[in-house]
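# Report on the structure
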Amino acid sequence: MNLDAYLEQLSACLQRYGLDNQHISDIIAEVESHVAESGESPLDAFGPPEAYADARVTDHERRSGGAWQYRTFRATAFDEMLILQEAGQAGWELVDVAAFALYCRRPWDPKDVKQWEYTRCVGLNRNTIISNMLASRWEPCGNWTPFHYFKRAL
Amino acid sequence: MKTERRAQWLRGVLDLCVLGVLATGEYYGYAISQRLEQAGLEHIKGGTLYPLLARLEEAGLITSWWTPGEQGPGRKYYTLTQQGRQTFEQLVGEWTAFSEHVATLIYQKGEKINES
């Protein structure tokens, strides 16, 4: 992976994890500056962009305090179920949905972390959809017309 | 020596070592990693160093600023804050005491512990 591709992926991951632009440009500049001096490949020096982004965002959130860790996953109606499946396995609970954004939370204490499964219903008849899903123990966790999202702890 | 064990030791004192480098002046990231290597420690990856620097900075122990590069990317310099210097001196005291305790145990000679 060349430097541009690495920085692009790192930046996309940091954005997806909801970090603000000021911190993102700082982290990107650090990587760029470091490999220019050391001559290493960014992958050797910093590891896979997803993992490095996750470490930096987690670090930042941990210092912000509170019992819950919050994360925004950027997503579209084309890829959000895959993202939710991975996030749910990693203990992320979806609490709300907006255009291109999945708002999730997870307890800091590993003892309290649960895994989640998700499903999506498409339709305009919101009330009927929700009551049908509640009957099979699916809890509504946000909608972005006409997509309705439901969660269930595993 | 097994690199795994060295890595484990280093994890406990890397923040102290970085503060030690910065106690001697202003350094940018890569220069810090070079100083650590010159001192005999192993190569510290950027993926370990920069998150540590960010933690020290958010804890108020160090401060940083960017300088523009002539060509290509600039350099981010770090230095100790007043609070950082106090914390460093306190940690040096604690580390010295700790390492002396370990030395007392492992360098003892001619003593029979299980003498009955």
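Look above for the structure.
Residues numbered from 1 in each chain as written. Chains lettered and ligands numbered in written order. Predicted model: local features only at pLDDT ≥ 70, side-chain atom pairs only at ≥ 80, totals over all residues. Heavy atoms only, no water.

With that out of the way, let us pick up the overall build of chain B. A count of helical and extended segments in chain B gives 4 helices and 3 strands. In chain B, the succession of α and β elements from N to C terminus is α-β-α-α-β-β-α. What you see for chain B is a C-alpha radius of gyration of 18 Å, clearly larger than the 13 Å of a compact globule of 116 residues, by over 25%. In terms of principal-axis extent, the alpha carbons of chain B reach across some 70 × 30 × 20 Å. Buried residues in chain B amount to 30% of all 116 residues. Partitioning the contacts of chain B with sequence separation of at least 6, the portion at a separation of at least 24 is 50%. For chain B, the computed accessible surface area is about 7,800 Å², with 51% contributed by carbon and sulfur atoms. Positive and negative side-chain charges in chain B, numbering 12 and 13 respectively, have mean positions lying 7 Å apart. (Helix = DSSP H or I, 4+ residues; strand = E, 2+ residues; numbered from the N terminus. Rg over C-alpha atoms; globule rule 2.2 N^0.38 Å. Buried < 20%, exposed > 50% of the residue type's maximum accessible area, 1.4 Å probe, protein only. Contact = heavy atoms within 4.5 Å. Areas by Shrake-Rupley, 256 points an atom, 1.4 Å probe, with all protein chains shown as cover. Lys, Arg positive; Asp, Glu negative; His and termini not counted. Charge placed at Lys NZ, Arg CZ, Asp CG, Glu CD.)

A few words now on the interface of chain B and chain A. In this assembly, 18 residues from chain B lie in contact with 19 residues from chain A. With both chains or domains summed, chain B and chain A bury close to 1,600 Å², and 52% of this area falls on carbon and sulfur atoms. For the pair chain B and chain A, the number of links is 4 salt bridges. For Asp26 of chain A, the salt bridge goes to Lys76 of chain B, with nearest N and O atoms at 2.7 Å. (Buried area = accessible area lost by both parts, 1.4 Å probe. Salt bridge = Lys/Arg side-chain N within 4 Å of Asp/Glu carboxyl O.)

Quick look at the nonpolar core now. In terms of nonpolar packing, the biggest core is built from 58 residues, with Leu10 and Leu94 of chain A together with Val18 and Ile32 of chain B touching the most fellow members. Excluding residues within four positions of it along the chain, Ile32 of chain B makes contact with Val18, Val21, Leu22, Tyr27, Leu49, Leu53 and Tyr78 of chain B. By size, the runner-up hydrophobic cluster in this structure holds 6 residues, among which are Cys121, Met133, Trp138 and Phe150 of chain A. (Core = buried A, V, L, I, M, F, W, Y, C linked by side-chain atoms within 4.5 Å.)

So, on to the packing of helix α1 (residues 3–16) of chain A against helix α4 (residues 49–64) of chain A. When two helices pack together, their arrangement is given by the angle between their axes and by how far apart the axes lie. Residues and elements named next belong to chain A. Between α1 and α4, the least distance of the axes is 9 Å, while the angle of their chain directions is 40 degrees. What the angle tells us is that α1 and α4 run oblique. Classified by chirality, the crossing of α4 by α1 is right-handed. The residues of α4 that touch α1, namely those facing Tyr6, Gln9, Leu10, Cys13 and Leu14, are Pro49, Glu50, Tyr52, Ala53 and Val57. For the contact of α1 with α4, a count of residues per class yields 8 nonpolar, 1 polar and 1 charged. (Axes fitted to C-alpha atoms, helices over the stretch in contact; angles between N-to-C directions. Parallel < 35°, antiparallel > 145°, perpendicular 65-115°, else oblique. Left-handed = near helix turned anticlockwise from the far one by under 90°. Nonpolar A, V, L, I, M, F, W, Y, C, P; charged D, E, K, R; others polar.)

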